[in-house]
Amino acid sequence: MASATVGGAPRASVSLLVVSGPDSPELSVLQRLPAGVKVVAVGRTPEDFAHLSAEQCAGVDVMLNCGVGKNAGKRDDIRALWPRLTNLTWMHSASAGLEHLLFPELVEGPVTLTNAKGVYSHSLAEYCLTACNWFAKDLPRLRRQQAAANWEPYDVEELRGRTLGVIGYGDIGQACARLAKAFRMRVVALRRRTELSAEEKAAGVMERMYSPDQLHELMAASDYVVMATPHTPATDKMVGAAAIAAMRPHGVFINLGRGKCVDEEALTAALQAGRIRGAALDVFATEPLPADSPLWGLDNVLLSPHCADRTKEFQFESLEFFIENLGRFLAGQPLANVCDKRSGY
């Protein structure tokens, strides 16, 4: 593979290969590609690209991987195509998570990888605060009383003054923190770098930053805990039984990152025993969540099928971000959202 260039000399032309089902509606955004960008082909499997000559494959500079569900480009298909793309410089993923995309030739090779980090952050932050209010206002009780035509006033809680603990203070975690601050919550967080930047201090959102070895302290200090980490070897089952046991009895656990970052069996046991107040889960260790999972039947769980960020616009906005990045590539400017392939995010 050619040595990847992040920035450098401007380019007059780019050959783009799109890995996606051709029926993906968001591909309409590619009608606004910058001048000089030529789409070589659109397809999802190696068979879809079998008609390309060796010369055409060698001419591909950039690959876009996008699509949802049956239209999504798959890792094994991309890996099978990889040896033919001898001069690929840059690959962009229209998703934020990388665990279902990375393979050794990509990780070890020189191709620059970017993702859609930041595109989904606000919708996930809205879900986080909805989950907090779900428990604070006891919305399931309201629905039960409405169904029974039962007028029974009860005390509700405010989020004001409660503490939100954020595990993983990246784009998603920061979006959750800003929205929580608008509800006048206290915000603490955990990440590898504990120092606050000048901008973070000026924003006045964060009260304390914990290090990864202080996870139990963050759990114990928080009324609501939101997990917003990618799944990597370092975060696999990061929140285990001991961390869950450190939570306050009225604590609520919210997972917007990846299901495998949590010991799901330990969390389920704590929920069944009522050792914590509840959980709001959009992601799971196995997806789709098996029908025999006890999580389906727990009244203290708000469960959604990995769709908290699945707005009507999300894939369109993701491709719009790619086009912006493609403009940087053509201009020889540094790309946004360059991933650390070895770290997995």
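By convention here, each chain's residues receive numbers from 1 onward along its written sequence. In view of the model being predicted, local features appear only for residues whose pLDDT reaches at least 70, and side-chain atom pairs are presented and counted only at 80 or more, with totals across whole chains, interfaces and linings using the full set of residues. Side-chain figures throughout are based on the complete set of non-hydrogen atoms in the structure, without hydrogens or water.

Engineer: What should I look at first to understand the overall build of the protein in this one?
Structural biologist: Along the protein, the regular secondary structure elements total 11 helices and 12 strands. Only the C-alpha atoms count toward the radius of gyration. The rule for a globule is 2.2 Å times the residue count to the power 0.38. Against the globule reference of 20 Å for 345 residues, the protein gives a C-alpha radius of gyration of 22 Å, in line with a compact fold. For the protein, the spread of C-alpha atoms along the three principal axes comes to 70 × 45 × 35 Å. Categorising residues by exposure relies on relative accessible area from a 1.4 Å probe, with only protein chains included: less than 20% of the type maximum marks a residue as buried, more than 50% marks it as exposed, and the intermediate range marks it as partly exposed. A burial count over the protein gives 49% of its 345 residues as buried. In this description, contact between two residues means that some pair of their heavy atoms is separated by no more than 4.5 Å. If you take every contact in the protein between residues at least 6 apart in sequence, the share linking residues at least 24 apart comes to 68%. Reported accessibility uses the Shrake-Rupley method at a 1.4 Å probe radius. Residues are deemed covered only where the shown protein chains occlude them. If you sum the accessible surface of the protein, you get close to 16300 Å²; carbon and sulfur atoms cover 52% of it. In this tally, Asp and Glu contribute negative charge and Lys and Arg positive charge; neither His nor the terminal groups of the chain are included. Charged groups are reduced to one reference atom each: NZ for lysine, CZ for arginine, CG for aspartic acid, CD for glutamic acid. Across the protein, the mean location of the 36 positive side-chain charges is 3 Å away from that of the 39 negative side-chain charges. Per the convention used, a helix needs a DSSP run of H or I reaching at least four residues, while a strand needs a run of E reaching at least two, with both numbered from the N terminus.

Engineer: I tried to follow the pairing of strand β10 (residues 252-255) on my own but got confused; where do I start?
Structural biologist: When a strand is regular, its side chains alternate between the sheet's two faces. Residues V252 and I254 line one face of β10 and the alternating positions F253 and N255 line the opposite face, and both faces are buried. Think of it this way: DSSP has to see at least two bridges between two strands before they count as a pair. Where strand β9 (residues 224-227) and β10 come together, 4 bridges link them in parallel fashion. By the bridge assignment, Y224 is partnered in β10 with V252. Relative to strand β11 (residues 278-281), β10 is paired through 4 bridges, and the arrangement is parallel. The residue bridging N255 from the neighbouring strand is L281, located in β11. Once you follow β10 into helix α10 (residues 264-273) and on to β11, the crossover reads as right-handed. For crossovers, right-handed means that the path from the first strand over the helix to the second runs clockwise, given strands pointing away from the viewer.

Engineer: When you look at the environment of K38 in this model, what are you seeing that I'm missing?
Structural biologist: Tracing the backbone through its elements, the reader meets K38 in strand β2 (residues 37-43). Given the relative accessible area of 56%, K38 is considered exposed. Remark: the alpha-carbon pair of K38 and F322, spanning 284 residues in sequence, is separated by 15 Å. Sequence-distant contacts of K38, defined by excluding residues within four places in its chain, comprise V14, S15 and L16.

Engineer: Any chance you could explain the domain arrangement of the protein here in plain terms?
Structural biologist: How big an interface is tends to be stated in terms of accessible area lost as the parts join. Throughout, the edges of the domains are those of an automatic or database domain assignment. Split by domain assignment, the protein resolves into domain 1 (14-119 + 312-331) and domain 2 (158-303). Centre-to-centre separation of domain 1 and domain 2, based on C-alpha positions: 32 Å.

Engineer: Honestly, the packing of aromatic side chains in this entry has me stumped. Any pointers?
Structural biologist: Aromatic ring pairs are described here by two measures, namely the spacing of the ring centres and the angle between the planes. Any Phe, Tyr or Trp ring, taking Trp's six-membered ring, that has another such ring centre within 6.5 Å forms a pair; planes under 30 degrees apart are called stacked, those over 60 apart edge-to-face, and the others tilted. This model, assessed by the stated rule, comprises 4 aromatic pairs. For the pair W82 and F103, a centre-to-centre distance of 5.1 Å together with 90° between the ring planes defines the contact as edge-to-face. Of this pair, W82 sits in the loop between α2 (75-81) and β4 (90-93) while F103 is found in the loop between β4 and α3 (104-108), placing the two residues 21 residues apart along the sequence. Comparing W82 with F103, the two get one shared label, buried.

Engineer: Mind showing me how you'd approach the nonpolar core here?
Structural biologist: One recurring pattern in soluble globular proteins: nonpolar side chains tend to sit buried together. Buried Ala, Val, Leu, Ile, Met, Phe, Trp, Tyr and Cys residues form a nonpolar core when they are joined through side-chain atoms within 4.5 Å. Judged by nonpolar contacts, the single largest core of 34 residues is most densely connected at C128, L164, Y169, Y224, V226, I254 and L256. Going through the elements one at a time, α4 (121-136), β6 (163-167), α6 (171-182), β7 (186-190), β9 and β10 are the ones with two or more residues in this core. If you tally residues by element for this core, the top one is α4, at 9 residues. Among all residues touching Y224, those that are not within four sequence positions of it are C132, A136, E157, L159, R162, T163, L164, G165, M185, V252 and R277. Membership of the second largest hydrophobic core comes to 28 residues, among which are V188, L215, M247 and L298.

Engineer: I'm lost on the sheet that holds strand β3 (residues 62-65) in this one. Help?
Structural biologist: Read across the sheet, 5 strands follow the order β2-β1-β3-β4-β5 without closing on themselves; strand pairing throughout is parallel. Both edges of this open sheet fall to β2 and β5 (112-114), since each of them pairs with a single strand only. Geometrically, the sheet is characterised by an average inter-axis angle of 20° between neighbouring strands, direction not taken into account. Alignment of β4 against β5, held across 3 bridges, turns out to be parallel. Pairing of M91 across the sheet is with L113, part of β5. Lines fitted to C-alpha atoms define the axes, with helix axes restricted to the stretch in contact, and inter-axis angles between N-to-C directions lie between 0 and 180 degrees. This element, helix α11 (residues 314-331), spans β1 (14-19), β2, β3, β4 and β5 of the sheet and lies at about 160° to β4.

Engineer: Whenever I open this one, the packing of α4 against α6 confuses me. Can you help?
Structural biologist: Two numbers describe a pair of packed helices, the interaxial angle and the distance between the axes. At a minimum axis distance of 8 Å, the contact between α4 and α6 shows a crossing angle of 50°. The angle between α4 and α6 places the two elements in the oblique class. Here α4 and α6 pass one another in a crossing that is right-handed. Along the contact surface, α4 presents S121, H122, L124, A125, E126, C128 and L129, while α6 presents D171, I172, A175, C176, L179 and A180. Here the word oblique covers every angle except those under 35 degrees (roughly parallel), over 145 (roughly antiparallel) and from 65 to 115 (roughly perpendicular). Crossing handedness follows the turn of the near helix against the far one: under a right angle anticlockwise gives a left-handed crossing, and clockwise gives a right-handed one.

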